[in-house]
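Spelled out, the chains give:
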Amino acid sequence: MRTPNNDRQLIEQPLVEQATTMTRRRDNGMPSPERRCILSGERDGRAALVRLALSPDAELVPDIMARAAGRGAWIGVDQDTLSAAFATGKLKGAVTRAFKGVAVHLADNLPEQIADGFHRHFLAQLGLATKAGVLLIGAERIDKAARLGAVALLAHASDAAEDGRRKRDQSWRVGEDKEGSALAGRMLPVDRAALSVALGRDNAVHIAILEPAWAERIENLLNRWQKYTGSARGSAEAAVQTATS
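Note that this is a predicted model, so its numbers are computed, not measured. (Residues numbered from 1 in each chain as written. Predicted model: local features only at pLDDT ≥ 70, side-chain atom pairs only at ≥ 80, totals over all residues. Heavy atoms only, no water.)

Caption draft 1: Inspection of helix H2 (residues 79-88) at higher detail. All buried positions along H2 are accounted for by Gln79, Leu82 and Ala85. Looking straight down H2, one finds its buried side chains confined to an arc of 125°; they lie on one side. Facing away from the buried side of H2 by over 90 degrees, the exposed positions are Asp80, Ala87 and Thr88. Along its buried surface, H2 packs onto strand E5 (72-75), helix H3 (90-98), helix H4 (110-131) and helix H8 (212-229). Where H2 starts, the residue carrying a side-chain oxygen 3.4 Å from the main-chain nitrogen of aspartate 80 turns out to be aspartate 78. (Buried < 20%, exposed > 50% of the residue type's maximum accessible area, 1.4 Å probe, protein only. Helix = DSSP H or I, 4+ residues; strand = E, 2+ residues; numbered from the N terminus. Arc of directions from axis to C-beta. Contact = heavy atoms within 4.5 Å. Polar contact = N/O pair within 3.5 Å; in protein donor to acceptor, adjacent residues only side chain to side chain.)

Caption draft 2: Local environment of empty space enclosed by the protein. Per the counting criterion, the structure on display carries two cavities of 30 Å³ or more. One number sums up the size of the largest cavity: a volume of about 50 Å³. Residue lining of the largest cavity: Ala48, Leu49, Val50, Ile75, Gly76, Val77, Arg224, Lys227 and Tyr228, and that is the complete set. A total of three residues in the lining of the largest cavity trace back to one element, the largest contributor, which is H8. (1 Å grid on protein atoms, 1.4 Å probe; cavity = no way out; pocket = protein on both sides within 12 Å on 5 of 7 lines; lining within 4 Å. Points joined across faces, edges and corners; volume = space filled by probe spheres on them.)

Caption draft 3: Representation of the nonpolar core. Membership of the largest hydrophobic core comes to 49 residues, with the highest contact counts inside it found for Leu91, Ile114, Phe122, Leu126 and Ile207. Take this core: its biggest share by element is eight residues, from H4. Contacts of isoleucine 114, omitting those with residues within four sequence positions, involve Val50, Leu52, Pro62, Ile64, Ile75, Leu82 and Tyr228. Leu136, Ile142, Ala145 and Leu154 belong to the second-largest nonpolar core, a separate cluster that totals nine residues. (Core = buried A, V, L, I, M, F, W, Y, C linked by side-chain atoms within 4.5 Å.)

Caption draft 4: Highlighting the pairing of strand E3 (residues 50-54). Counted residue by residue, E3 has five buried out of five residues, so it is predominantly covered. Residue alternation in E3 divides its side chains into two sets, Val50, Leu52 and Leu54 and Arg51 and Ala53, and both sets are buried. Pairing of E3 with E5, which is carried by four bridges, proceeds in the antiparallel orientation. Its bridge partner lying in E5, leucine 52 is registered against alanine 73. In this sheet, strand E4 (residues 59-63) lies alongside E3 in antiparallel orientation, the contact comprising four bridges. Bridge assignment links alanine 53 to a residue of E4, and that residue is valine 61. (Pairing = 2+ DSSP bridges.)

Caption draft 5: Fine view of the sheet that holds strand E9 (residues 186-187). As summarised here, the arrangement of the four strands in space is E7-E10-E8-E9, forming an open sheet in which the pairing is mixed. Two strands close off the open sheet at either side, each with one partner strand: strand E7 (135-137) and E9. As paired elements, strand E8 (residues 153-156) and strand E10 (residues 206-209) share four bridges and run antiparallel to each other. Note that in E10 the partner of alanine 155 across the bridge is isoleucine 207. Relative to the sheet, helix H6 (residues 162-175) contacts E8, E9 and E10, its axis offset from that of E8 by approximately 175°. (Axes fitted to C-alpha atoms, helices over the stretch in contact; angles between N-to-C directions.)

In C-alpha cells form, the structure reads like this:
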C-alpha cells in the first residue's frame, strides 16, 4: 500500500471541486498562472483555459497544449457558448480588442477545430504515456497493479461493459483502501476502437496510468476537454477521481 502525501487530500474533495483544483495546478504541483477569457472577462488558471494562437498568416488557430510561439488569446467558455459568440459577432469583437491593430481571420469552424484538437492531443498523450511505460492495458494486469496500490489514474472506454468497469473500479478501491467509497475510473469520451489505435494495441478497453505526474497531466487535459464540450459535470458526478502517491 502506498503512503499518502499531502496531495492525497484531493481524493476527499467534492468531485466537481476536485476537477477544478486539478486543472489549476501545473504538473509540478505549483499553481497555474492566471489568464483572462476574452469573452467572459473572467480569470482562471491557464491550465483551465484554451489558448488560441495567431498563425503567421494572421489566422486564429487552437493551441491546445499552449506551446505555440507568438501572440495568443484565451477562452474559458464551452463550445456552445463559443459557437453562439461566433454567430453573433461577439467573438470577432473580442478578438479585435485582444489583437489591436491586427486583422485576424477566424475560420468558420473554429469551435469544431478546438474540439477536434482536444481529441487528437488527448489520444496523442495516451500514446506517449504508453511509450514511456506508464500506461497499462489488459484487465488482469490492471487489476493486479490496482490492488497493489500502483494505479494513479483509472479510465474506461466509452463503450466498456458495465461488469468490466465494476471489476476494475473495485480493484482500484481495494488498492487505495477506499472500499465502500465512490472512487471509480473515468469514463472517456472515446471508444475502444479509438483507444486501440492510439495505443497501438488490440481491444484496449480499460487503461491505468501508473505515474502520478503523468496521471495529473492526462486528467488536466481531459478536464479541459470535457469542460469545453460541456460534459465535465457529468464526468465528475460519475465518481471521477485521481489517486496520487
